[in-house]
Number of protein chains: 2
Amino acid sequence: MAPRTRRTEALSRDRIVEAAVELLDTSGEAGLTFRTLTERLATGAGAIYWHVANKGELLEAATDGVIAAALTVEPAGAPRDGIRAVALGLYDAIEHHPWLATQLTSQLSRSPWGSVTPRIFEAIGRRVHALGVPEGHRFTTTSALVTYILGAAGQNAANATSAVPHASRAEFLDAVSKAWEELDPDDYPFTRAVAAEVRGHDDREQFLAGVDLVLAGITAVHLPARPGRAG
Amino acid sequence: MAPRTRRTEALSRDRIVEAAVELLDTSGEAGLTFRTLTERLATGAGAIYWHVANKGELLEAATDGVIAAALTVEPAGAPRDGIRAVALGLYDAIEHHPWLATQLTSQLSRSPWGSVTPRIFEAIGRRVHALGVPEGHRFTTTSALVTYILGAAGQNAANATSAVPHASRAEFLDAVSKAWEELDPDDYPFTRAVAAEVRGHDDREQFLAGVDLVLAGITAVHLPARPGRAG
DNA sequence: ACCTGAACACCGTTCAAGT
DNA sequence: ACCTGAACACCGTTCAAGT
């Protein structure tokens, strides 16, 4: 395959990051190497290192750009709906860019001072505040929500990447269901019993159900029912 | 460093997996290579490939062994306490073996028919059932719990691995808190406001608080209050 | 059946040399 | 200042050859 880019414009950090995102989207984390990247950009490895310190920084920049775009959610509406919208925005972003999952986990912990962590934290936390969660509980509550959202979305991204490539989603779930039904009845009574529920389930619905479960928990623990306030 | 093992016994799959776990625990995911492994076992690469198909299978086996050990939790007690105990068991296992985090995410999705997924699912799900969650909601509820637990534990494992190596936990949290306090007041009012709460927080406590939040949500949504049942 | 270890096709990164 | 591209020190995996 001939290089897509003929180097009309000069190289720049932005163009490098852009190409990296394209490679990641097209061929996954393994598809981004300095070889594929130099080929795509019609340049040499050293040229890339002139603009970017190392592969980690490249991945950070790629993540930041995509997440910033994903978090531009309409600001208005009830806090609960806002949280659902932000959650879905992240879910969809991770589904379309499965390489985000790994990246988010490592950036949230490795560099919480970077821009990605505050961005996500702010988008959720602001609405947790608006929900009425009292001071002193906002950090923990927001952390729990962010953890669930990124954990679930990440799990889902792994689902998307993996699996036998040509097997449809339905076939995959069918295989899991079958495998669970054949587990030892003494050791795995529960897993066997819910095996059938695996078959039809919708990942996105299940994700939202989880968000609602956490929201219900927040309501129950931190927002004692008052007359005139809807559940 | 001289090889620790002098090859007194014959090579076996078990000994290889055992050595892999030791290397992973000692030097992290990057520390396990076929070079370090052959050195440790005083053998050649081909010998390992005779017992194990590839590196992925090696990581699977390592994960399975450690998780099975971590899930041997006392069976009795109230379901809620059982869930907390299982959750903490997984949390601690991942904290002691941070490489588990990545591994669990990929195994839960890539091979839900493997032994790891059913093991975790069964340990939590059985107690979700005992809690009284009605049929038709057990799969989704258990998924949400497992997602939160593995997501939080995984995030924590990343914390453990990363950070400037010599910085103490307190110093690290202090740096994060400071960085958050310096964010733009217009863009990050919430994050700035909770920056102080980062400083003192205990990860384990916060993890458990999250589990309790999900449990409260399950109670609120699926276990309508009845006279004679304690919250 | 089980093991050896050189060889292969990759990585990320560096760096003298060019313009 | 910006870029080239060969070279370095690694990877995981294979495979003819040994016992």
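Residues numbered from 1 in each chain as written. Chains lettered and ligands numbered in written order. Predicted model: local features only at pLDDT ≥ 70, side-chain atom pairs only at ≥ 80, totals over all residues. Heavy atoms only, no water.

Peer 1: Explanation requested: the overall build of chain A in the structure shown.
Peer 2: Assigned secondary structure in chain A consists of twelve helices and zero strands. Listing the helices and strands of chain A from first to last along the sequence gives α-α-α-α-α-α-α-α-α-α-α-α. Along the first, second and third principal axes, the C-alpha atoms of chain A reach 65 × 50 × 25 Å. The 231 residues of chain A split such that 49% are buried. (Helix = DSSP H or I, 4+ residues; strand = E, 2+ residues; numbered from the N terminus. Buried < 20%, exposed > 50% of the residue type's maximum accessible area, 1.4 Å probe, protein only.)

Peer 1: Quick question: what am I supposed to make of the confidence of the model for chain A here?
Peer 2: Mean pLDDT over chain A works out to 88, with 90% of the residues at or above the 70 mark. Contacts from residues 1–6 of chain A, a stretch scored under 50 in pLDDT, to residues over four places away or in other chains number seven contacts. (pLDDT = per-residue confidence, 0-100. Contact = heavy atoms within 4.5 Å.)

Peer 1: Would you mind showing me how to read the interface of chain A and chain B here?
Peer 2: For interface size, the figure often reported is the accessible area lost on association. Facing 60 residues of chain A, the contacting portion of chain B comprises 60 residues. With both chains or domains summed, chain A and chain B bury close to 4,800 Å², and 73% of this area falls on carbon and sulfur atoms. A per-residue breakdown of the area chain A buries against chain B is headed by Phe139(A), Phe190(A) and Leu213(A), which together make up 16% of the total. Summed over the shared surface of chain A and chain B, the result is ten residue pairs in polar contact (both at pLDDT 80 or more). At the level of elements, helix H6 (100–110), helix H7 (116–131), helix H8 (138–161), helix H9 (169–181), helix H10 (189–193), helix H11 (195–200) and helix H12 (203–222) of chain A are the ones that each hand at least two residues to the side of chain A that touches chain B. Of the residues forming the side of chain A that touches chain B, the biggest block, 15 residues, is contributed by H8(A). Looking at the side of chain A that touches chain B, its residues break down into 28 nonpolar, 24 polar and eight charged. (Buried area = accessible area lost by both parts, 1.4 Å probe. Polar contact = N/O pair within 3.5 Å; in protein donor to acceptor, adjacent residues only side chain to side chain. Nonpolar A, V, L, I, M, F, W, Y, C, P; charged D, E, K, R; others polar.)

Peer 1: What is the right way to read the protein's contact with DNA strand D from this model?
Peer 2: Neighbouring DNA strand D are 18 residues, the closest being Thr43(A), His51(A), Arg35(B), Tyr49(B) and Lys55(B). In DNA strand D, atoms within 4 Å of the protein come from the sugar-phosphate backbone in 56% of cases. Lys55(B) has a polar side-chain atom sitting 2.6 Å from a phosphate oxygen of DNA strand D. At the level of secondary structure, the elements contributing two or more residues to the surface near DNA strand D comprise helix H3 (45–51) of chain A together with helix H2 (34–41) and helix H3 (45–51) of chain B. Here the element with the most residues in the surface near DNA strand D is H3(A); it accounts for five residues. Of the residues in the surface near DNA strand D, the class split is eight nonpolar, seven polar and three charged. (Near = heavy atom within 4 Å.)

Peer 1: So what exactly am I meant to see when it comes to the relation of the copies chain A and chain B here?
Peer 2: Two chain copies, one operation linking them: a rotation about an axis together with a shift along it. After a rotation of 180° and a shift along the axis of 0.0 Å, chain A superposes on chain B with an RMSD of 0.0 Å. Interpreted geometrically, this transformation is the action of a two-fold axis. Closest approach to the rotation axis within chain A is made by the C-alpha atom of Gly217(A), at a distance of 1.7 Å. When you check the interface residues of chain A against chain B, 100% turn up at the interface there too, and the contact is symmetric in its surfaces. (Least-squares fit on C-alpha atoms with pLDDT ≥ 70 in both.)

Peer 1: Just checking my understanding: could you explain the UniProt feature "DNA-binding region" (unreviewed entry) in chain A for this structure?
Peer 2: This chain's UniProt record puts "DNA-binding region" (unreviewed entry) on residues 33–52 of chain A. The span residues 33–52 of chain A carries 75% helix and 0% strand; its end-to-end C-alpha distance comes to 14 Å. (UniProt positions renumbered as here; feature names shortened; annotations may be inferred.)

Peer 1: I'm lost on the protein's contact with DNA strand C in this one. Help?
Peer 2: Taken together, the neighbourhood of DNA strand C is formed by 18 residues, with Arg35(A), Tyr49(A), Lys55(A), Thr43(B) and His51(B) sitting nearest. Near the protein, meaning within 4 Å, the atoms of DNA strand C are sugar or phosphate in a fraction of 55%, with bases accounting for the rest. A distance of 3.1 Å separates a phosphate oxygen of DNA strand C from a polar atom in the backbone of Gly44(B). Between Gly46(B) and DNA strand C, the recorded distance is 2.9 Å, taken from a backbone N or O atom to a base oxygen. Counting only elements with at least two residues in the surface near DNA strand C, the list comes to helix H2 (34–41) and H3 of chain A together with H3 of chain B. Looking at which element gives the most residues to the surface near DNA strand C, the answer is H3(B), with five residues. Its residues placed into classes, the surface near DNA strand C shows eight nonpolar, seven polar and three charged.

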